[in-house]
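For reference, the chains in residue letters:
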Amino acid sequence: MKNVATIDKAKIAKRLQENEDFKLIMDSIESDIFATFKAVDIGDSERLANIHALSHGFKLVNDRIAKYVEAGIFEARRDELSEE
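Here, residues in each chain are numbered from 1, in the same order as that chain's written sequence. With the structure being a predicted model, the display of local features is reserved for residues of pLDDT at least 70 and the display and counting of side-chain atom pairs for 80 or more, all residues being used for whole-chain, interface and lining totals. For side-chain calculations, the full set of non-hydrogen atoms in the structure is used, while hydrogens and water are omitted.

Caption draft 1: Region of the structure containing the confidence of the model for the chain. Averaged over all residues, the pLDDT of the chain equals 92, while 94% of them reach at least 70. pLDDT: the predictor's confidence for each residue, scored from 0 to 100. Note on conventions: DSSP H or I runs of at least 4 residues are helices, E runs of at least 2 residues are strands, and numbering of each starts at the N terminus. The secondary structure element of the chain with the lowest average pLDDT is helix α3 (residues 45-83), at 92, and the one with the highest is helix α2 (residues 20-38), at 97.

In structure tokens, the structure reads:
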């Protein structure tokens, strides 16, 4: 997203969060990661580290989307206050 304003980015992120297809695919990915984690053999530290990295990346995507929404709300409120 090149040169997208904070509020515009927040709107895009919010639509994504509320999109049923996006929620479905994110739930599926999360389930796949957990199923893979449960299948790791005890002592397989390399595979466990890879799954942990996947899980961390998944969390970062969700966190970043939420951060865009939060930043947009903050920016909108700041704009409202500056107009008063």
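So much for the structure itself; the text now carries on.
Caption draft 2: Highlighting the pattern of salt bridges. For this document, the term salt bridge refers to a Lys or Arg side-chain nitrogen within 4 Å of an Asp or Glu carboxyl oxygen. Taken as a whole and judged by the stated rule, the model has four salt bridges. Close ionic contact of K14 with E18 constitutes a salt bridge, the shortest N to O distance being 3.6 Å. Separated by four residues within a single helix, K14 and E18 lie in helix α1 (residues 6-18), roughly one turn from each other. Note on classification: 1.4 Å probe, protein chains only; a residue is buried when its accessible area is under 20% of the maximum for its type, exposed when over 50%, partly exposed between these limits. On the accessibility criterion, K14 (37% relative accessible area) is partly exposed. By relative accessible area, E18 is classed as partly exposed at 48%.

Caption draft 3: Quick peek at α2. Here the expected length of a helix is defined as 1.5 Å per residue gap, with one fewer gap than residues. A rise of 1.5 Å per residue sets the reference length of α2, with its 19 residues, at 27 Å; its end C-alpha atoms lie 27 Å apart and thus fit the reference within 8%. Buried within α2 we find F22, M26 and I33. Each buried residue of α2 lies within a common arc of 30° when the element is viewed along its axis, so the set occupies one face. Facing away from the buried side of α2 by more than 90 degrees, the exposed set consists of E20, D21, L24, D32 and K38. Residues of α2 that are buried make contact with α1 and α3. Its side-chain oxygen placed 2.8 Å from the backbone nitrogen of D21, N19 serves as the N-cap of α2. When we speak of the arc, we mean the arc of directions from the helix axis to the C-beta atoms. Note on contacts: a residue pair qualifies if any of its non-hydrogen atoms lie within 4.5 Å across the two residues. Here a polar contact means two N or O atoms within 3.5 Å. Within protein one must be a hydrogen donor candidate and the other an acceptor candidate, and residues neighboring in sequence count only if both atoms are side-chain atoms.

Caption draft 4: Region of interest: the nonpolar core. Side-chain atoms within 4.5 Å are what join buried Ala, Val, Leu, Ile, Met, Phe, Trp, Tyr and Cys residues into a set we call a nonpolar core. The biggest cluster of nonpolar side chains holds nine residues, and these are A13, F22, M26, I33, V40, I51, F58, I65 and V69. For this core, the elements supplying multiple residues, two or more each, are α2 and α3. With sequence-adjacent residues up to four places away left out, V69 is seen in contact with A10, A13, K14 and Q17.

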